[in-house]
Every structure is written in structure tokens, then in C-alpha cells.
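# A look at the structure
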Amino acid sequence: MSKKDRKRIALITGASSGLGRCFVRQIGERYPSLQEIWVIARRRERLESLRKELAFKTPGIKLRILELDLSEQTSFAVLSACFREECPRLRLLVNAAGLGHAGRIGEQQLDEICEIIDVNCRALMAVTRICLPYLEKGSRVIELASGSAFAPQPGFAAYAASKACVLSFSRALQEELRPLGILVTAVCPGPVRTEFFRAGGISLSPVKKKFLADPEQVVRRALSDSAKGRALSVYGFPMRLFYLAAGVLPQGFIARASSLVLLKK
Ligand SMILES: NC(=O)c1ccc[n+]([C@@H]2O[C@H](COP(=O)([O-])OP(=O)(O)OC[C@H]3O[C@@H](n4cnc5c(N)ncnc54)[C@H](OP(=O)(O)O)[C@@H]3O)[C@@H](O)[C@H]2O)c1
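I will try to describe carefully the structure that is included in this document.

Criteria and thresholds
Note that residues are indexed from 1 along each chain, following the sequence as it is written. Where totals are concerned, whole chains, interfaces and linings use all residues; where local detail is concerned, this predicted model gives features only for residues with pLDDT of at least 70, and gives and counts side-chain atom pairs only at 80 or more. Here the side-chain values reflect all heavy atoms present in the structure, with hydrogen atoms and water set aside. What makes a nonpolar core is a set of buried Ala, Val, Leu, Ile, Met, Phe, Trp, Tyr and Cys residues whose side-chain atoms join them at distances within 4.5 Å. Exposure categories follow from relative accessible area, calculated using a 1.4 Å probe and restricted to protein chains: below 20% of the type maximum is buried, above 50% is exposed, and the middle band is partly exposed. Helix numbers and strand numbers start at the N terminus; a helix is a DSSP run of H or I with at least 4 residues, a strand a run of E with at least 2. We call two residues in contact whenever any of their non-hydrogen atoms come within 4.5 Å of each other. Throughout, near means a residue has at least one heavy atom within 4 Å of the molecule or strand. In protein, a polar contact means a hydrogen-donor-capable atom and an acceptor-capable atom, both N or O and within 3.5 Å, with residues adjacent in sequence counting only if both atoms are side-chain atoms; elsewhere, any N or O pair within 3.5 Å suffices. Residues were grouped as follows: Ala, Val, Leu, Ile, Met, Phe, Trp, Tyr, Cys and Pro as nonpolar; Asp, Glu, Lys and Arg as charged; and all remaining residues, including Gly, as polar. A helix is expected to span 1.5 Å for every residue after the first. At any given residue, the bend is defined as the angle formed between two axes, one fitted to the seven residues that end at that position and one fitted to the seven that begin there. Whenever a helix is involved, its axis is fitted only over the stretch in contact; in every case the axis is a line through C-alpha atoms, and angles between N-to-C directions fall within 0 to 180 degrees. By the definition adopted for this analysis, an angle is roughly parallel if under 35 degrees, roughly antiparallel if over 145, roughly perpendicular if from 65 to 115, and oblique otherwise. Crossing handedness: left-handed means the near helix sits turned counterclockwise from the far one by under a right angle, and right-handed means the same turn made clockwise.

### Concerning the nonpolar core
- Of all hydrophobic cores here, the largest spans 43 residues; its most connected members are Leu 11, Leu 79, Phe 83, Leu 90 and Leu 167.
- If you tally residues by element for this core, the top one is helix H4 (residues 110–131), at 7 residues.
- With sequence-adjacent residues up to four places away left out, Leu 11 is seen in contact with Trp 38, Ile 40, Leu 79, Phe 83, Leu 90, Leu 92, Leu 93, Val 94, Val 127 and Cys 131.

And the structure:
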């Protein structure tokens, strides 16, 4: 298939709610030359309603729904087959599927811990790997990490560790893909107003409630940082301050200090 016959697409995981959904909307508006946006999540009805919205706002772009559970290995085979069949030019990949469960490790269910690692780390790396042959010069990859990646978080340990994994992966990938002209950005927001907390059964502390960011703004910043080729996108002054502090203070000190705040009953 010649280059001009191949569709120009974006792929967004976690598109059924929160940040992923905002990415779909904003990418549709910002990049009208795309022919299709492929979206992944488990809740088909949410993706169908997004398709209706997009058909109205950006009629030139078709939404292709891939109803997949990214905690299942079989989903990777389905996605690989779609790419092999269509051989699209992937201009933008956004890995936004993710989840968290709070609580001391000893109080968490084994399934909860495994799900965090399966979706936040294993699926993110697998989807990225599947997509690599279809990226080209000028393509961009956006990996959703979190401010939790900057330091250990007692009471949210598995989640914070999964995001440290995403951050490390993204930074290394950025260097591997730089010679090919492909840019990788790790997005590290603090708490954002989405379904994330409800989905994970997490009650927000009054401190975090104060700093809840607007998802549209977090995504706008992420797309702008990605367009500038920045390896890291950190939204908001408090989170940038935390990023700087986590770079200079010993991690053990931060873990101890957070435990005094976060594990207090
Ligand atoms: N909200 C925050 O405070 C915050 C802060 C920093 C980083 N983040 C990160 O940002 C990303 C997006 O989170 P959000 O705030 O937008 O949360 P959200 O509103 O709960 O959205 C999570 C998305 O992930 C999808 N997902 C979860 N498990 C999945 C699975 N097994 N298979 C396929 N899709 C799955 C969900 O779709 P279905 O349920 O339909 O499958 C949903 O679309 C996550 O990686 C999160 O860790 C969030």
C-alpha cells in the first residue's frame, strides 16, 4: 500500500471517560487532517456517544471503536490484527487507560494490585509496542503517568509505583525514538476532576480536593507540551513545585513525610 493510500489516524486508550475522552475531543478539533480516531475502552455505550458527538463537531473524522479490556492479553492480539489489516499512519498515540486503588498494600485485594499493574504498566507498554511500526517522523506518543510518579506514596503504593514505571518507560522511549523524529511525552498531573476516584473507590482527602484540576485544561497543556517536543508535561504550579521538590529531597524523606499525612487515621 502506498503512503498516500494509508489512513492518517490517532489512537486513544481510556477514551470512554475523563482525560482520554477529553483527548479525543481536543485531538479532533486540533488535527482535522486526521481521517480516523481509534478509541479503546470496555464501555461501548460511552464510546458510541462519543462517536455521535464527534460526528457533529468534526464530521471529517471517523471514530473507530475497539471495545477491549486491556487487562486481557487477548486484546493485544485483536489490536495487532487491526493494525496489520489497515496498516495506518499513526500520527498520535495517547495511552490514557488507567486506574488506581487506595489503601495499605496489606489491606488491598491481590486482584486490585494486579489490575493496576496489568492496565497501567503492562497494557501501556504492550499497546505502545504494537503501535511502534506504524509511527513515522513527526508522530507523537503521549503516555499518562501522574504526579504520583515523582515519589513513593504510602497508602497508594502500587498506583504510585505503576506511574513511576510509566515515567521511566516514557523517558527511555523518548531517547530511543528521538533519532526517528518521533516525540514522546509523559503527562504527570496531580488530582484531576474525573471518574478516576469513584472508579477506584477512593475518597479524596481535603488537601487533594483543593487541588483538583480541570481535565480539559490538563489535556490542553499535554497536547501543547507534546507539540513542543517536551518529554514531560506537568500541569499546575503546585504539581511543578512538587516535581522540583521530589528532585532534590531524598525519596525516603518524602515517603516518611507523606506517610504522616496520608496514613493518619
Ligand atoms: N484523575 C486523576 O486525578 C489522575 C491524575 C493523574 C494521572 N491520572 C491518569 O490519567 C489516566 C486517565 O485517568 P482518568 O482520570 O481519565 O480516569 P477515568 O475517568 O476513570 O478513566 C479511565 C479510563 O481507563 C479505561 N480503563 C480502565 N480499565 C480499563 C481496562 N481494563 N481496559 C480498557 N480500558 C480501561 C476506562 O474505560 P472503561 O472503564 O470503559 O474500560 C476509562 O476510559 C489514568 O492513567 C490515570 O492513572 C489521573
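### A few points about the side chain of Ser 16
- Summarising the element assignment, Ser 16 is placed in the loop between strand E1 (8–13) and helix H1 (18–30).
- Look at Ser 16 and you get buried, because its relative accessible area is 6%.
- Contact partners of Ser 16, with chain neighbours within four places excluded, come to Arg 21, Ala 41, Arg 43, Arg 46 and Leu 47.

### Quick notes on the site of the ligand
- The full set close to the ligand counts 30 residues, and Ser 16, Ser 17, Arg 42, Tyr 159 and Thr 194 are the nearest of them.
- Between the ligand and the protein, one listed contact pairs an oxygen atom with a backbone N or O atom of Leu 19 at 2.7 Å.
- At 3.3 Å, a backbone N or O of Gly 98 approaches an oxygen atom of the ligand.
- Those elements that provide at least two residues to the shell around the ligand are H1, helix H5 (157–177) and helix H6 (196–199).
- Across the shell around the ligand, the residue classes tally to 16 nonpolar, 9 polar and 5 charged.

### Overview of H4
- The end-to-end C-alpha distance of H4 is 30 Å, a good match for the 32 Å that 22 residues give at a rise of 1.5 Å each.
- Within H4, the axis deviates most sharply at Asp 118, by approximately 35°.
- Taken together, the buried positions of H4 are occupied by Ile 113, Ile 116, Val 119, Asn 120, Cys 121, Ala 123, Leu 124, Ala 126, Val 127, Thr 128, Ile 130 and Cys 131.
- Contact partners of the buried residues in H4: E1, helix H3 (74–86), strand E4 (89–95), strand E5 (135–144) and H5.

### A short note on the packing of H1 against helix H8 (residues 215–227)
- In the contact formed by H1 and H8, the axes pass within 9 Å of each other and the chain directions differ by 55°. Relative to H8, the element H1 lies oblique. For the crossing formed where H1 meets H8, the hand is right-handed. Contacts between H1 and H8 involve Leu 19, Cys 22, Phe 23, Arg 25, Gln 26, Ile 27 and Arg 30 from the former and Pro 215, Glu 216, Val 218, Val 219, Arg 220, Ala 222, Leu 223, Ser 224 and Ala 227 from the latter.

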